[in-house]
Amino acid sequence: MSGTLNRRSALTLMASSAVVLGTERAGATPQEAAPVALKGRIKQSICRGCYGFLDLDTLCQKVKPMGIVGIDLLGENEWETVKRHGMVVSMGYGIGSLPDGWNTLANHENLVKQSEDILPKAAKAGLPNIITFSGNRRGLSDPQGMDNCEKGIKRIIKVAEDAGVTICMELLNSKRDHPDYQCDHTKWGVELCKRINSPRFKLLYDIYHMQIMEGDVCATVTENIEYIAHFHTGGVPGRRDIDETQELNYTRVCQAIASTKYKGYLAHEFGPKNKLDSLAKAIRICDV
């Protein structure tokens with residue numbers, strides 16, 4: 001999630017750029033471009049909501065030659081389109097919402113039903129991950145919120161294990177973009193992972209959000225990588241391009257991630273100021 005980008009509504013942006021990484025011939029189109037050869041130590045994907053200026057089918061056609069292998073944050077009705085292009089739905093929707101998550105006992109029956117419905121479908125479609133959320137505090141202490149999350153998630157973790165799909169709770173900042181969100185520090189999320197004690201419950205470590213909340217990104221990632229299943233990118237401030245205009249060195253961050261032998265995906269989730277040109281630059285920055 002982000003402040004600048006709202007995943008619950010599609011971005012309304014201008015027409016897309018026709019420039020794709022590796023397209024050197026004058027007049028070449030993305031469809032004509034040869035696939036870019038990346039180092040491949042980091043599997044890069046994108047978040048759908050950042051590219052609302054393209055329909056999903058066209059988006060797949062344009063970004064696959066750039067080296068993008070997956071697309072994040074898609075509903076069930078969109079999975080088949082991505083698969084048709086030989087790409088992965090690297091993170092699916094389906095369990096809860098940002099404000100209404102597992103920290104509230106009254107939500108559990110609905111969340112369990114959603115989990116039991118979506119996880120087998122995700123497995124059949126080849127999705128590695130489904131996103132979920134702690135929910136907003138609404139007066140709950142952090143210990144009580146964690147106890148509640150533990151109770152609820154333990155009810156469905158066997159379903160995830162049988163499906164072979166990882167439930168990823170997203171770490172979000174409560175300082176600027178999502179006031180009152182409970183899973184807002186790595187330490188809290190890691191403790192919840194330890195309590196659930198399953199390889200099918202881990203964290204979605206959003207680099208943008210955790211830079212705002214706690215910094216120390218490289219050390220935090222390397223120390224806690226066993227509890228992290230997925231990453232999102234975004235420049236601080238403003239969740240903009242991850243270039244020299246923002247405060248994190250994403251090449252260094254990706255080197256730290258790669259050093260752990262991480263096998264998951266890193267999905268770009270920033271508002272691209274130059275459409276696909278910005279994505280092409282981000283791919284180069286993160287290709288370590």
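Check the entry above for the structure.
Now for a look at the structure at hand. Owing to the predicted nature of the structure, the values given are computational and were not obtained by experimental measurement.

### Thoughts on the side chain of S45
Okay, step 1: In this fold, S45 is placed in strand β1 (residues 43–47).
Okay, step 2: Here S45 falls in the buried class, since its relative accessible area comes to 0%.
Okay, step 3: For S45, the residues in contact, after removing those within four places along its chain, are I68, G70, I71, D72, S90, Y265, L266, A267 and H268.

### What about the state of the cysteines?
Okay, step 1: Per the counting criterion, the structure on display carries zero disulfides.
Okay, step 2: In this structure C168 is not part of a disulfide, and its nearest cysteine sulfur, from C193, lies 9.0 Å away.
Okay, step 3: Of the residues examined, C168 reaches a relative accessible area of 0% and is grouped as buried.

### Some remarks on the nonpolar core
Okay, step 1: Within the largest apolar cluster, 88 residues are counted, with the highest numbers of intra-cluster contacts made by M169, I207 and F231.
Okay, step 2: Ranked by the residues each element gives to this core, the list is headed by helix α10 (residues 276–286), at seven residues.

### A closer look at the environment of V236
Okay, step 1: Tracing the backbone through its elements, the reader meets V236 in the loop between β7 (228–233) and α9 (250–259).
Okay, step 2: Overall, the relative accessible area of 8% leaves V236 in the buried class.
Okay, step 3: In this structure, the C-alpha to C-alpha distance between V236 and I212, residues 24 residues apart in sequence, is 7.6 Å.
Okay, step 4: Once residues within four sequence positions are removed from consideration, V236 is found in contact with Y208, Q211, I212, Q246 and E247.

### Digging into the packing of helix α4 (residues 142–154) against helix α6 (residues 186–196)
Okay, step 1: At a closest axis distance of 10 Å, the pairing of α4 and α6 adopts a crossing angle of 40°. With respect to α6, the element α4 is oriented oblique. For the pair α4 and α6, the sense of crossing is right-handed. Mapping the contact onto sequence places D142, G145, M146, D147, C149, E150, I153 and K154 in α4 and W188, E191, L192, R195 and I196 in α6.

### Quick word on the packing of aromatic side chains
Describing an aromatic ring pair means giving the distance of the ring centres and the angle of the ring planes.
Okay, step 1: In this structure the tally under the stated criterion is three aromatic pairs.
Okay, step 2: Residues Y51 and F53 carry aromatic rings whose centres are separated by 5.9 Å and whose planes lie at 65° to one another, so their mutual orientation is edge-to-face.
Okay, step 3: Note on Y205 and F231: the rings are 5.8 Å apart at their centroids and 65° apart in plane angle, and the pair reads as edge-to-face. On the criterion of sequence distance, the pair formed by Y205 in strand β6 (residues 201–206) and F231 in strand β7 is long-range, its members being 26 residues apart. Across the pair, F231 and Y205 agree in class, each one buried.
Okay, step 4: One aromatic cluster is present, formed by Y205, F231 and Y262 through successive ring pairs.
Okay, step 5: Cation over ring: K43 sits above Y265, and NZ or CZ is 4.3 Å from the ring centre.
Okay, step 6: One Lys or Arg, K275, reaches over the ring of F53 and ends 5.9 Å from the middle of that ring.

Conventions used here
- Residues numbered from 1 in each chain as written.
- Predicted model: local features only at pLDDT ≥ 70, side-chain atom pairs only at ≥ 80, totals over all residues.
- Heavy atoms only, no water.
- Helix = DSSP H or I, 4+ residues; strand = E, 2+ residues; numbered from the N terminus.
- Buried < 20%, exposed > 50% of the residue type's maximum accessible area, 1.4 Å probe, protein only.
- Contact = heavy atoms within 4.5 Å.
- Disulfide = S-S within 2.5 Å.
- Core = buried A, V, L, I, M, F, W, Y, C linked by side-chain atoms within 4.5 Å.
- Axes fitted to C-alpha atoms, helices over the stretch in contact; angles between N-to-C directions.
- Parallel < 35°, antiparallel > 145°, perpendicular 65-115°, else oblique.
- Left-handed = near helix turned anticlockwise from the far one by under 90°.
- Phe/Tyr/Trp six-rings, centres within 6.5 Å; stacked < 30°, edge-to-face > 60°.
- Lys NZ or Arg CZ within 6 Å of the ring centre and 35° of its normal.

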